[in-house]
Amino acid sequence: MSLRPLSLLEARVLGVLIEKAHTVPDSYPLSLNALAMGCNQKTARDPVLNATDSEVQLTVDALKALHLVFESSGSRVSRYEHNLGRALALPSQSVALLAVLMLRGPQTVSELRANSDRLHRFADLSSVEAFLDELAARSEEKGGPLVLKLARAPGAREPRWAQLLCGPVDAAAFAVSAQSDDFVAASELAALKSHQTALQGEVNELRALVERLYSELGVAR
């Protein structure tokens, strides 16, 4: 399937639907209000937007026309879900990577692995690279490449990848200035913090489980 370039808000809506399908499955498909809140979220978004409900509704309608979004039936409130994987014949791993790129902008392989952890847990960096390479080598018959590997900027440790669903990318606009090999991009730090937060959440869940087991077994600590 060949697509026209998506607008920034269209990409944001699509990315939010993909993300929330994994992070809040009990609330998915999303209502318009929940979708707008996800689009305007202040964290894990680059750039931060301030879209109105009406703007999000118009965007959803445009994505429905492209068969990238479906409206769920059987509910008093309209709810929406993404259809990117089926529409473009993509595996869930590729959909996860595209969602993170649409939500956060260009990122390195390390950042993508950390930021996509809640959508798909990649075994290692090489597996992330393998799916990115597939997306970059996508044939014109299938609609052409969906990601682009940007040239490594001076001083940067790794090259970054950008999504092409919004059209061609101006690589110069994403250049990163750095003075030494010790340079760490702000986005890389954000990815590490996000990964740390996710790990802390898992530790807290395990602690709660242990406490409950101690209580049920009547074992004193």
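Residues numbered from 1 in each chain as written. Predicted model: local features only at pLDDT ≥ 70, side-chain atom pairs only at ≥ 80, totals over all residues. Heavy atoms only, no water.

Novice: What is the right way to look at helix H2 (residues 32–39) in this model?
Specialist: Those residues of H2 that fall on the buried side of the exposure criterion are Leu32, Leu35, Ala36, Gly38 and Cys39. Relative to the axis of H2, the buried residues are bounded by an arc of 160° and lie together on one face. For H2, the elements touching its buried residues are helix H1 (8–23), strand E1 (30–31), helix H3 (53–65) and strand E3 (79–82). (Buried < 20%, exposed > 50% of the residue type's maximum accessible area, 1.4 Å probe, protein only. Helix = DSSP H or I, 4+ residues; strand = E, 2+ residues; numbered from the N terminus. Arc of directions from axis to C-beta. Contact = heavy atoms within 4.5 Å.)

Novice: Mind showing me how you'd approach the side chain of Lys20 here?
Specialist: Position of Lys20 among the secondary structure elements: in helix H1. Within the structure, the side chain of Lys20 is placed 3.5 Å from the side chain of Glu19, a separation counted as a polar contact. Those residues within four positions of Lys20 in sequence are excluded, and the remaining contacts are Pro25, Tyr28, Leu30, Gly38, Gln41 and Arg45. (Polar contact = N/O pair within 3.5 Å; in protein donor to acceptor, adjacent residues only side chain to side chain.)

Novice: Explain the nonpolar core here, please?
Specialist: Looking at soluble globular proteins, one finds that nonpolar side chains tend to be buried together. Core analysis: the biggest nonpolar cluster contains 48 residues, and Val13, Leu35, Leu84 and Leu98 have the highest contact counts within it. Secondary-structure elements contributing two or more residues to this core are H1, H2, H3, helix H4 (84–88), helix H5 (92–104), helix H6 (109–115) and helix H7 (125–136). The greatest single-element share of this core, amounting to nine residues, is contributed by H5. Every residue in contact with Leu35, bar those within four places of it in the chain, is listed here: Val13, Val16, Leu17, Leu30, Val56 and Val60. (Core = buried A, V, L, I, M, F, W, Y, C linked by side-chain atoms within 4.5 Å.)

Novice: Honestly, H3 in this entry has me stumped. Any pointers?
Specialist: Structurally, the α-helix is built with 3.6 residues per turn, so residues lying three or four positions apart point the same way. End to end, H3 covers 19 Å across 13 residues, agreeing with the expected 18 Å (1.5 Å per residue, within 8%). Of the residues making up H3, those classed as buried are Val56, Thr59, Val60 and Leu63. Burial along H3 is one-sided: seen end-on, the buried residues are contained in an arc of 105°. Away from its buried face, by an angle of more than 90 degrees, H3 presents the exposed residues Leu58 and Ala65. Check the buried side of H3 and you find it contacts H1, H2, strand E2 (69–72) and E3. (Expected span 1.5 Å × (residues − 1).)

Novice: Help me out: how do you make sense of the environment of Ala156 in this one?
Specialist: Residue position: Ala156 is located in the loop between strand E4 (147–149) and strand E5 (161–163). Judged by relative accessible area, which is 11%, Ala156 ranks as buried. Each C-alpha atom of the pair Ala156 and Thr108 lies 10.0 Å from the other, and the pair is 48 residues apart in sequence.

Novice: I would appreciate a short explanation of the packing of H5 against H7 in the present structure.
Specialist: The relative placement of two packed helices is expressed as an angle between their axes plus a distance between the axes. At their nearest, the axes of H5 and H7 sit 10 Å apart, and the two run at 85° to each other. Taken together, the axes of H5 and H7 are roughly perpendicular relative to one another. Contact residues: H5 offers Gln93, Ser94, Leu97 and Leu98, while H7 offers Val128, Phe131, Leu132 and Leu135. For the contact of H5 with H7, the residue count by class is six nonpolar, two polar and no charged. (Axes fitted to C-alpha atoms, helices over the stretch in contact; angles between N-to-C directions. Parallel < 35°, antiparallel > 145°, perpendicular 65-115°, else oblique. Nonpolar A, V, L, I, M, F, W, Y, C, P; charged D, E, K, R; others polar.)

Novice: What should I look at first to understand the sheet that holds E2 in this one?
Specialist: Strands in a sheet are paired, the pairing made by backbone hydrogen bonds, and the direction either parallel or antiparallel. Reading across from one edge, E1-E3-E2 is the order of the three strands in this open sheet, with antiparallel pairing throughout. Whereas interior strands pair on both sides, the edge strands pair on one side only; in this sheet they are E1 and E2. Alignment of E1 against E3, held across two bridges, turns out to be antiparallel. Note that in E3 the partner of Leu30 across the bridge is Tyr80. On the sheet, H1 packs against E1, E2 and E3 and is oriented at approximately 90° with respect to E3. (Pairing = 2+ DSSP bridges.)

Novice: Hey, could you run me through a nonpolar patch on the surface in this one?
Specialist: A cluster of nonpolar side chains, contributed by Leu206, Leu209, Leu213 and Leu217, occupies part of the molecular surface with about 390 Å² of accessible area. On the secondary structure map, Leu213 appears in helix H8 (residues 186–217). You can call Leu213 partly exposed: its relative accessible area is 40%. (Patch = residues over 30% accessible without salt bridge, like charges linked within 9 Å, V, L, I, M, F, W, Y side chains within 5 Å. Areas by Shrake-Rupley, 256 points an atom, 1.4 Å probe, with all protein chains shown as cover. Salt bridge = Lys/Arg side-chain N within 4 Å of Asp/Glu carboxyl O.)

Novice: I would appreciate a short explanation of the environment of Asn33 in the present structure.
Specialist: In this structure, Asn33 sits in helix H2. A relative accessible area of 46% places Asn33 in the partly exposed class. Each C-alpha atom, one on Asn33 and one on Thr52, is 9.6 Å from the other, the two residues being 19 residues apart in sequence.

Novice: Would you take a moment to explain the pattern of salt bridges for this structure?
Specialist: When their charged atoms lie close together, side chains carrying opposite charge are able to pair. A full pass over the atoms with the stated rule returns five salt bridges. Of the charged contacts, one joins Glu71 and Lys64 as a salt bridge, the two residues approaching to 2.8 Å between their closest N and O atoms. On the accessibility criterion, Lys64 (27% relative accessible area) is partly exposed. Several salt bridges share partner residues, and in doing so they unite Glu19, Lys20 and Arg45 into one network.

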